Amino acid sequence: MDGRVWTVGRSVELAAVILALALALAPLPARLVERWFSSGVYPLLERALTSVSNLLPFAILDILLAGAAIALAVTLTRAVRESSRSRSVGPLLRAVAHVAAAAAGVYLLFLLLWGFNYRRVPMPERLMLERAAPSSEDVAQLGLRAVDAMNTTYAAAHSGPQPVPEWQDPDLLNAFADVQRALSDTAPVHAGRLKRTLLGSYFRWTSVDGMINPFGLEVLANPDLLPFERPFVAAHEWGHLAGYADEAEANFVGWLTCVRATPPAQYSGWLYLYWQISAEVNDRERARLGAALATGPRQDVNAVIARLRRGELPALQRASWKVYDEYLKANRVEAGVRSYGAVVTLILRARFENGWMPVRRPAPPS
Ligand SMILES: [Zn+2]
């Protein structure tokens, strides 16, 4: 082994670990992240990466995960063998150091490709807010509005021709671009194709509807999603692709996108909001909302419940959401998975014009 190469390699590894720790802990001003990353380099990256990943029918994440698993297995097996041959823990310790450095490198890549979006200017500071915190009656009224919209759009949402895939639906794409322009001065990012993944079974067992792969800026979807669930899941994940990392903000973008598009997308968006509000109100209010659903929408809601029950493994589901909660908190989303529900507060507090177009605050003097 060349001693100097080894030393240089070790210095690079150490630097990666130190840099990763520093970036994980360092406070970065949100305005700086917003200007340089979220509205600066990130949208360029997204347009490049997502347009490539949209060409591929398979998930880049599957390849990356398989590669990482093989590399990890080979490194550790080799180290264990060498350690037992030389009767010393040295090779094993060095392997662990390599793995730690690789993990630091992956974290740095995560931040640079997408993760810094967790630290951008939060939505409530971006928007004109009109009202104080909503009352539980406001929430219930919004739920009834969702039910009413589901009842009205149900027929149109279920009778049209075979829908085109979400990422090729011009109305949904236009709506997504409009929403992005309402929220930021940056040119809109690309929408991502909904892909199947080897993680599909995991999604099924843990009731995850979808996720983005931050290393390929692509959208991975639960394979069991019902047709009327897909537009909202797509638009929610596109919200993440647009750099709205926070779950409530992605829900906000997804919902705003859907309600501006065709009836099937509108239905999907309102169904999502109904679902979200049902989870947040008390039993009496939930029963009131359920009773207001017409037969068709009620059947759809029951079909979603049946889909979730068929797939889920409760213990794994709890564990997985716990891990995600920790992940969100590590990325400074204090509310963890509860941040999903904050979308209702956003919808009830924001000022809207032209239908559901949120109004932005004037930019602060720079
Ligand atoms: Zn999400």
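Keep in mind that this is a model prediction, so the values were computed, not measured.

Asks: Any details on the environment of Ser51? Residues and values, ideally.
Replies: Turning to its location among the elements, Ser51 is positioned in helix α2 (residues 30–53). Judged by its relative accessible area of 32%, Ser51 is partly exposed. The spacing of Ser51 and Arg193 is 142 residues in sequence and 9.5 Å in space, taken between C-alpha atoms. Contact partners of Ser51, with chain neighbours within four places excluded, come to Glu46 and His190. A polar contact of 2.5 Å, which involves the side chain of Ser51, links it to the backbone oxygen of Arg47.

Asks: So what's going on with the side chain of Ser184? Residues and values would help.
Replies: You can see Ser184 is positioned in the loop between α7 (170–183) and β1 (194–195). Look past the residues within four positions of Ser184 in its chain and what remains in contact with it is Ser39, Arg126, Tyr244 and Arg360.

Asks: Could you give an account of the coordination of the zinc ion, with specific residues and numbers?
Replies: Within the protein, the atoms that donate to the zinc ion are His236 (NE2), His240 (NE2), Glu247 (OE) and Glu247 (OE), at distances of 2.1 to 2.7 Å. Its 4 donor atoms give the zinc ion angles of 51 to 140 degrees at the centre, a pattern that matches the irregular case. Relative accessible area serves as the criterion here: at 3%, Glu247 is assigned to the buried category.

Asks: Describe the side chain of Ser207, listing the residues and the values that go with them.
Replies: With respect to the helices and strands, Ser207 occurs in the loop between α8 (200–206) and β2 (210–213). In this structure Ser207 comes out as buried when scored by relative accessible area, which is 14%.

Asks: Outline the sheet that holds strand β3 (residues 218–221), listing residues and values.
Replies: Think of a sheet as strands paired side by side through backbone hydrogen bonds, with each pair either parallel or antiparallel. Reading across the sheet, the 3 strands line up as β1-β3-β2 and stay open at both edges, with mixed pairing between neighbours. Looking at the sheet topology across the chains shown, the edges are occupied by β1 and β2. Bridging between β1 and β3 involves 2 bridges; their strand directions are parallel. Bridge assignment links Lys195 to a residue of β3, and that residue is Leu220.

Asks: Lay out the packing of helix α11 (residues 263–280) against helix α12 (residues 283–292) with the relevant residues and their values.
Replies: At a closest axis distance of 8 Å, the pairing of α11 and α12 adopts a crossing angle of 155 degrees. Our classification of the angle between α11 and α12 gives roughly antiparallel. Where α11 crosses over α12, the two elements pack in a sense that is left-handed. Counted together, Tyr274, Ile277 and Ser278 of α11 and Arg286, Leu289 and Gly290 of α12 form the full contact between these two elements. Along the lines of polarity and charge, the residues of the contact of α11 with α12 split into 3 nonpolar, 2 polar and 1 charged.

Cut-offs applied
- Residues numbered from 1 in each chain as written.
- Predicted model: local features only at pLDDT ≥ 70, side-chain atom pairs only at ≥ 80, totals over all residues.
- Heavy atoms only, no water.
- Helix = DSSP H or I, 4+ residues; strand = E, 2+ residues; numbered from the N terminus.
- Buried < 20%, exposed > 50% of the residue type's maximum accessible area, 1.4 Å probe, protein only.
- Contact = heavy atoms within 4.5 Å.
- Polar contact = N/O pair within 3.5 Å; in protein donor to acceptor, adjacent residues only side chain to side chain.
- Donors = N, O, S within 2.8 Å, 3.2 Å for Na, K, Ca; no water.
- Tetrahedral: all angles 85-135°; square planar, octahedral: opposite > 155°, others 65-115°.
- Pairing = 2+ DSSP bridges.
- Axes fitted to C-alpha atoms, helices over the stretch in contact; angles between N-to-C directions.
- Parallel < 35°, antiparallel > 145°, perpendicular 65-115°, else oblique.
- Left-handed = near helix turned anticlockwise from the far one by under 90°.
- Nonpolar A, V, L, I, M, F, W, Y, C, P; charged D, E, K, R; others polar.

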